[in-house]
Structure formats: structure tokens, C-alpha cells
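Structural description and commentary
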Amino acid sequence: QVQLVESGGGLVQPGGSLRLSCVASGMFFRIYAMGWYRQAPGKQRELVASIGSDGSTNYADSVKGRFTISRDNTKNTLYLQMNSLKPEDTAVYYCNGRVAVYSWGQGTQVTVSS
């Protein structure tokens with residue numbers, strides 16, 4: 001059974017920063033492409049950023065240049081550094097596999113508001 005536990009969300013001012021973390025267990029973490037997803041109220045879940053087992057990264061156009069995804073395979077942990085946050089970034093953020101998708105964790109709420 002795969003468990004994904006996200007943390008690091010909160011309420012920040014526009015232009016602020018947050019770093020999200022996701023600890024994965026029950027999977028061979030280092031061989032899986034992973035991603036950060038987000039879902040705002042009334043909207044569909046979208047892939048924000050992904051990282052391959054080789055460390056290659058991809059970003060949604062809406063966050064490119066502001067967000068950085070990374071992974072620490074020794075800790076089975078996925079990170080998302082979010083800078084220059086905008087109100088449009090407000091959502092619940094989830095981590096999961098990019099190709100193989102497991103049961104969703106609880107997510108972590110990010111609210112960007114003045």
C-alpha cells in the first residue's frame with residue numbers, strides 16, 4: 001500500500017514563498033516519475049510539475065519560472081519550492097506518481113491572499 005503525505009502549505013501574501021514536501025512510502029520511489037498536482041474549488045485537478053527518475057523536470061506554463069520540483073531519493077521525499085505566489089495558485093496541492101497514480105493523500109492547502 002502506497003502512502004503519500006503532503007505538508008508545508010499555508011496562507012501567504014501574493015509574492016510570497018512556500019516549500020511543500022511529500023513523503024512517500026510503500027513504493028520503489030526512486031524509479032518512479034513523480035508529480036505535484038493541485039485542485040482549486042470547482043476546478044479539475046491539474047498537473048503542476050513533474051520530475052523523472054533521472055531528475056528531468058517539466059512544469060505547467062502557469063508556474064514555469066516560479067516553481068521548482070525536486071526529489072531526495074534517500075528520504076523518499078518530493079519537494080515543491082513555490083516562489084512569487086499568485087492568488088491563482090490557491091488550491092489543495094497533492095503529490096503522486098506521474099505515470100502510475102496511486103491513492104491520493106490528504107493534500108496540503110495553499111492559500112495566496114492579501
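Preceding this paragraph is the structure being described.
The notes below deal with the structure included here.

Rules used in this analysis
What you see as residue numbers is a count from 1 along each chain, following the sequence as written. Thresholds applied to this predicted model are a pLDDT of at least 70 for local features of residues and 80 or more for the giving and counting of side-chain atom pairs; totals over whole chains, interfaces and linings are not thresholded and use all residues. Computation of side-chain values covers all heavy atoms of the structure but excludes hydrogens and water. Exposure categories follow from relative accessible area, calculated using a 1.4 Å probe and restricted to protein chains: below 20% of the type maximum is buried, above 50% is exposed, and the middle band is partly exposed. Helical segments are the DSSP runs of H or I of at least four residues, strand segments are the runs of E of at least two, and each set is numbered from the N terminus. Two strands qualify as a pair provided that DSSP identifies no fewer than 2 bridges between them. Side-chain atoms within 4.5 Å link the members of a nonpolar core, which is a set of buried Ala, Val, Leu, Ile, Met, Phe, Trp, Tyr and Cys residues. Residue contacts follow a heavy-atom distance rule, with two residues in contact if any of their heavy atoms lie within 4.5 Å. Stacked, edge-to-face and tilted are the three classes for Phe, Tyr and Trp ring pairs, Trp counted by its six-membered ring, which pair at centre distances within 6.5 Å; planes under 30 degrees apart are stacked, over 60 edge-to-face, the rest tilted. Placement of a positive charge over a ring is assigned whenever Lys NZ or Arg CZ falls within 6 Å of the ring centre and within 35 degrees of the normal to the ring plane.

**Comments concerning the pairing of strand E7 (residues 67-72)**
Side-chain alternation along E7 places Phe 67, Ile 69 and Arg 71 on a buried face and Thr 68, Ser 70 and Asp 72 on a face that remains uncovered. Where E7 and strand E8 (residues 77-82) come together, six bridges link them in antiparallel fashion. Each bridged residue has a counterpart across the sheet, and for Thr 68 the counterpart in E8 is Gln 81. The turn joining E7 and E8, which pair antiparallel and follow one another in sequence, is formed by four residues; a positive phi near 50° is taken by Asn 76.

**Section: the nonpolar core**
Among the nonpolar cores identified, the biggest contains 28 residues, and Trp 36, Phe 67, Leu 78, Leu 80, Met 82 and Tyr 93 are the most heavily contacted of them. Secondary-structure elements contributing two or more residues to this core are strand E3 (18-25), strand E4 (34-39), strand E5 (46-51), E7, E8, strand E9 (91-97) and strand E10 (108-112). With four residues, E3 is the largest single contributor of residues to this core. Setting aside residues up to four positions removed in sequence, Leu 80 forms contacts with Leu 18, Arg 19, Leu 20, Trp 36, Ala 49, Phe 67, Thr 68, Ile 69 and Tyr 93.

**As for the packing of aromatic side chains**
Two aromatic rings are characterised by how far apart their centres lie and by the angle between their planes. Going through the model one piece at a time under the given rule, you end up with three aromatic pairs. Each ring, one from Tyr 94 and one from Trp 104, has its centre 5.8 Å from the other, and the planes form 75°; the classification is edge-to-face. In this pair, Tyr 94 is assigned in strand E9 and Trp 104 in the loop between E9 and E10, connecting sequence segments ten residues apart. The exposure class assigned to Tyr 94 is buried, which follows from its relative accessible area of 12%. Given the relative accessible area of 31%, Trp 104 is considered partly exposed. One aromatic cluster in this structure is built from Tyr 37, Tyr 94 and Trp 104. Positioned above the aromatic ring of Phe 29 is the side chain of Arg 71, whose terminal nitrogen or guanidinium carbon lies 4.6 Å from the ring centre.

**A closer look at unusual backbone geometry**
One non-glycine residue, Asn 76, lies in positive phi territory at about 50°. Secondary-structure assignment places Asn 76 in the loop between E7 and E8. Owing to a relative accessible area of 26%, Asn 76 belongs among the partly exposed residues under this scheme. In this structure, Ser 84 is a non-glycine residue whose phi angle is positive, near 50°. With respect to the helices and strands, the residue Ser 84 is situated in the loop between E8 and E9.

**Description of the pairing of E4**
Counting buried residues along E4, five of its six residues qualify, which places the element largely inside the surrounding structure. Taking the residues that link successive antiparallel strands as the turn, the E4-E5 hairpin has six residues, and the phi of Gly 42 there is positive, at about 75°. Bridge count between E4 and E9: six bridges; the pairing is antiparallel. Among the inter-strand pairings, Tyr 37 is bridged to a residue of E9, identified as Tyr 94.

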